[in-house]
Amino acid sequence: WEGALTSIPRCECNQVSSHTLRSPHYSFDMNALTCMCLLLCTGTASSLLQQIFANHGIHPSAQLYVWVQYMGHYLMAMRKMRNVRAPPLTTKQSIFTTAIGMCHVGAFLVVTQAVEKIGVALYQIVYSSGLVLTAIVSIIVLRKMPSSQQWVGILIASAGLGQRGYVMMTLGGALKANSSPSDTLIGVGLAFFVTLMFCMVPILVEVVNKGQPDSKKLTSDQIGASVSRIGVSTLTVYMCAHTFPKWNVLVAEPLAKAGIPLWEVGLVYLANTVIFYFHNNFYLETTRTAGAVGNGLVNAVRTATVVLGGYAFFCSESKAHLCLDTDKMITVALLVVGGLVYTTAPPAYYLDDVIKDQEVKKEQ
């Protein structure tokens, strides 16, 4: 395992490739583009696996796959931290890393319930609202205003979300077979909660690192180690208190009813853990080589790949909510275009910095 998981290819960018994609506000060489493509593939696979977990029939409250996922993340993170020399965390950093870990774990605890109620396609569409939620929370918490082009991207993405909401309310679009509108509403609410929790992670990182020299900023390794520790400890307590005592009701009986052997579930969970580790690795590499713009572009395109993947692998008469229709394609198109417009725009600016600049000019 040690050899297999540590031999993951790195997208090294020590030398700039002669093949470079450029625009007025960003440029990606081939190594960065490779990282982005791998991030897109692993992210899409991870999302589609959520639908497989929902199809297995294991009760969502079991949280079995989340526990396995965090256990694998913890083992690799602890091994990596042994080889990294980092200064001890300050009290403020410890508080923020705990909050980041709680947001991360809280999101994963309800992902399966959300996908089980609304399907992976609608879940990914709702998850795309992260663009809008992040902008709103950034304005409130960081006093960080989007640029004009970013506002255009936000409006386009909001139009896509609004169009989908209108279809659901008037035509019943995206409703699962034998599910009530209230179940769909709960699933959408859970998906929004997941989105908000994941949006809070980079904002909390930005808050704690703002104004700090590079040598004192939280590193990705420190954040990953903290998240994995909180995930393993929280899920282990939960499993011992809830899942293991009710194993037959939550796991064994649903699998027997579906005719799925436990070893098959174990293989899928193991694959998810490896993909989760790969995805985190490529996320960090994309951040290093392409920055936030690269991650934003991947998230925008991922909406389309997940919806198309859900259609290709899971669409059927009993799962019509995972099939494509004109309204869903319009929604996805608006979300992708909005994401592309937002992430390729000039960066947002801090209101406090603008005020300081104005005060300096007045003094001069």
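Numbering of residues begins from 1 in every chain and follows the order in which that chain's sequence is written. Only residues with pLDDT of 70 or above have their local features reported here, since the model is predicted, and side-chain atom pairs are shown and tallied only from 80 upward, although totals for entire chains, interfaces and linings are computed over all residues. The side-chain figures draw on all heavy atoms in the structure; neither hydrogens nor water molecules are used.

**Student:** Explain the overall build of the protein chain here, please?
**Tutor:** Per the convention used, a helix needs a DSSP run of H or I reaching at least four residues, while a strand needs a run of E reaching at least two, with both numbered from the N terminus. Scanning the protein chain for helices and strands turns up twelve helices and four strands. Partly exposed describes any residue whose relative accessible area lies between the buried limit of under 20% and the exposed limit of over 50%, with all areas from a 1.4 Å probe on protein chains only and scaled to the type maximum. Taken over 364 residues, the protein chain has a buried fraction of 45%. Every residue pair with non-hydrogen atoms within 4.5 Å of one another is taken to be in contact. Partitioning the intrachain contacts of the protein chain with sequence separation of at least 6 by distance along the chain shows that 84% fall at a separation of at least 24. What sets the accessible areas is the Shrake-Rupley method with a 1.4 Å probe; for residues, cover comes only from the shown protein chains. Accessible surface, the protein chain: about 18,200 Å² in total, of which carbon and sulfur atoms supply 64%.

**Student:** Looking at this structure, how should I read the packing of helix 4 (residues 91–127) against helix 8 (residues 220–243)?
**Tutor:** The description of two packed helices rests on the angle between their axes and on the distance between the axes. Axes here refer to lines fitted to C-alpha atoms; in helices the fit is confined to the stretch in contact. Angles between the N-to-C directions go from 0 to 180 degrees. At a minimum axis separation of 8 Å, helix 4 and helix 8 run at an interaxial angle of 55°. Considering their axes alone, helix 4 and helix 8 lie oblique with respect to each other. When the axes of helix 4 and helix 8 are compared, the crossing they make is right-handed. Contact with helix 4, carried on its side by T97, T98, I100, G101, M102, H104, V105 and L109, involves I223, S226, V227, I230, G231, T234 and L235 of helix 8 and no other residues of that element. Lys, Arg, Asp and Glu make up the charged group, whereas Ala, Val, Leu, Ile, Met, Phe, Trp, Tyr, Cys and Pro make up the nonpolar group; the residues left over, Gly among them, are polar. When the residues that make up the contact of helix 4 with helix 8 are grouped by side-chain class, the tally is eight nonpolar, seven polar and no charged. Note that the term roughly parallel is reserved for angles under 35 degrees, roughly antiparallel for angles over 145, roughly perpendicular for angles of 65 to 115, and oblique for everything else. Rotating anticlockwise by less than a right angle from the far helix to the near helix defines a left-handed crossing, while the corresponding clockwise rotation defines a right-handed one.

**Student:** I'm lost on the packing of helix 2 (residues 30–56) against helix 4 in this one. Help?
**Tutor:** Running from N to C, helix 2 and helix 4 cross one another at 130°; their axes reach a closest spacing of 9 Å. As judged from the angle between their axes, helix 2 and helix 4 are oblique. For helix 2 against helix 4, the interelement crossing comes out left-handed. Along its contact with helix 2, which presents S47, L48, Q50, Q51 and A54, the element helix 4 presents V111, T112, V115, E116, G119, V120 and Q124. Of the residues assigned to the contact of helix 2 with helix 4, the class counts are five nonpolar, six polar and one charged.

**Student:** Any chance you could explain empty space enclosed by the protein here in plain terms?
**Tutor:** Of the grid points, spaced at 1 Å and generated over the protein atoms alone, those admitting a 1.4 Å probe that cannot get out make up cavities, while open sets with protein on both sides within 12 Å along at least five of seven lines make up pockets; any residue with an atom within 4 Å of a point is treated as lining. Grid points are joined across faces, edges and corners, and a volume is the space filled by probe spheres set on the points. Evaluated as defined, the whole model comprises one cavity of 30 Å³ or more. Its volume calculated, the largest cavity comes out at about 70 Å³. Forming the walls of the largest cavity are F53, I58, H59, P60, A62, Q63, L64, Y65, T112 and Y269. Considering only residue class, the lining of the largest cavity consists of seven nonpolar, three polar and no charged.

**Student:** Just to check I follow, could you spell out the nonpolar core for this structure?
**Tutor:** Only buried Ala, Val, Leu, Ile, Met, Phe, Trp, Tyr and Cys residues count toward a nonpolar core, and they belong to the same one when joined by side-chain atoms within 4.5 Å. The biggest cluster of nonpolar side chains holds 69 residues, and the ones touching the most others in it are Y70, F108 and Y123. Beyond its immediate stretch of four places on either side in the chain, Y70 contacts H104, V105, F108, V227, S228, G231, V232 and L235. L40, F282, L297 and V298 belong to the second-largest nonpolar core, a separate cluster that totals six residues.

**Student:** What is the right way to look at the state of the cysteines in this model?
**Tutor:** Such a bond, covalent and formed between the sulfur atoms of two cysteines, is termed a disulfide. Two cysteine sulfurs form a disulfide in these notes if their separation is within 2.5 Å. For the structure on display, the rule yields one disulfide. In this model, C315 is linked to C323 through a disulfide, with the two sulfur atoms separated by 1.8 Å. Linking C315 and C323, the disulfide has an S-S dihedral of approximately 95° and is accordingly described as right-handed. Overall, C323 belongs to the buried group, its relative accessible area being 14%. C37 carries a free sulfur, and the closest cysteine sulfur to it, the one in C41, is 6.7 Å from it. C37 sits in the partly exposed class, given a relative accessible area of 48%.

**Student:** How should I be thinking about the packing of aromatic side chains in this particular structure?
**Tutor:** For any pair of aromatic rings, the description consists of the separation of the ring centres together with the inter-plane angle of the planes. Two rings from Phe, Tyr or Trp (for Trp, the six-membered ring) form a pair when their centres are within 6.5 Å of each other. A pair whose planes differ by under 30 degrees is stacked, one over 60 is edge-to-face, and the rest are tilted. Enumeration over the complete set of coordinates arrives at 13 aromatic pairs. Each member of the aromatic cluster is reached from another via a ring pair, and the members are Y70, F108, Y123, Y127, F198 and F276. Taking the ring centre of Y350 as reference, the NZ or CZ of K210 above it sits at 4.1 Å. Working rule: Lys NZ or Arg CZ, within 6 Å of ring centre, within 35 degrees of ring normal, means a charge sits over the ring.

**Student:** In this structure, what is going on with the environment of A312? I would like to understand it.
**Tutor:** Within the secondary structure layout, A312 lies in helix 10 (residues 262–314). The class for A312 is exposed, based on a relative accessible area of 57%. Through-space distance from the C-alpha of A312 to that of L324 is 9.4 Å; in sequence the pair is twelve residues apart.

**Student:** Would you take a moment to explain helix 7 (residues 181–209) for this structure?
**Tutor:** Each full turn of the α-helix corresponds to 3.6 residues, which orients residues three or four apart in the same direction. An expected span of 1.5 Å times one less than the residue number is assigned to each helix. For helix 7, spanning 29 residues, the distance from its first C-alpha to its last is 43 Å, which sits close to the expected 42 Å at 1.5 Å a residue. In the segment just after helix 7, G211 is the residue with positive phi, at about 80°.

**Student:** Sorry if this is basic, but what is going on with helix 2 here?
**Tutor:** Given a rise of 1.5 Å per residue, 27 residues ought to cover 39 Å, and the 39 Å separating the end C-alpha atoms of helix 2 matches this to within 8%. Downstream of helix 2 by a residue or two, G57 has a phi angle that is positive, lying close to 95°.

**Student:** I would appreciate a short explanation of the confidence of the model for the protein chain in the present structure.
**Tutor:** What pLDDT reports is the predictor's confidence in each residue, on a scale of 0 through 100. For the protein chain, the average pLDDT comes to 80, and 86% of its residues sit at 70 or higher. Within the protein chain, the element-level pLDDT minimum falls on helix 1 (residues 2–6), averaging 40, and the maximum on helix 9 (residues 247–258), averaging 90. Below pLDDT 50 for its whole length, residues 1–10 participates in 16 contacts with residues either more than four positions away or in separate chains. Predicted confidence is poor over residues 12–18, with pLDDT under 50, and the contacts of this stretch with residues over four places away or in other chains come to twelve contacts.

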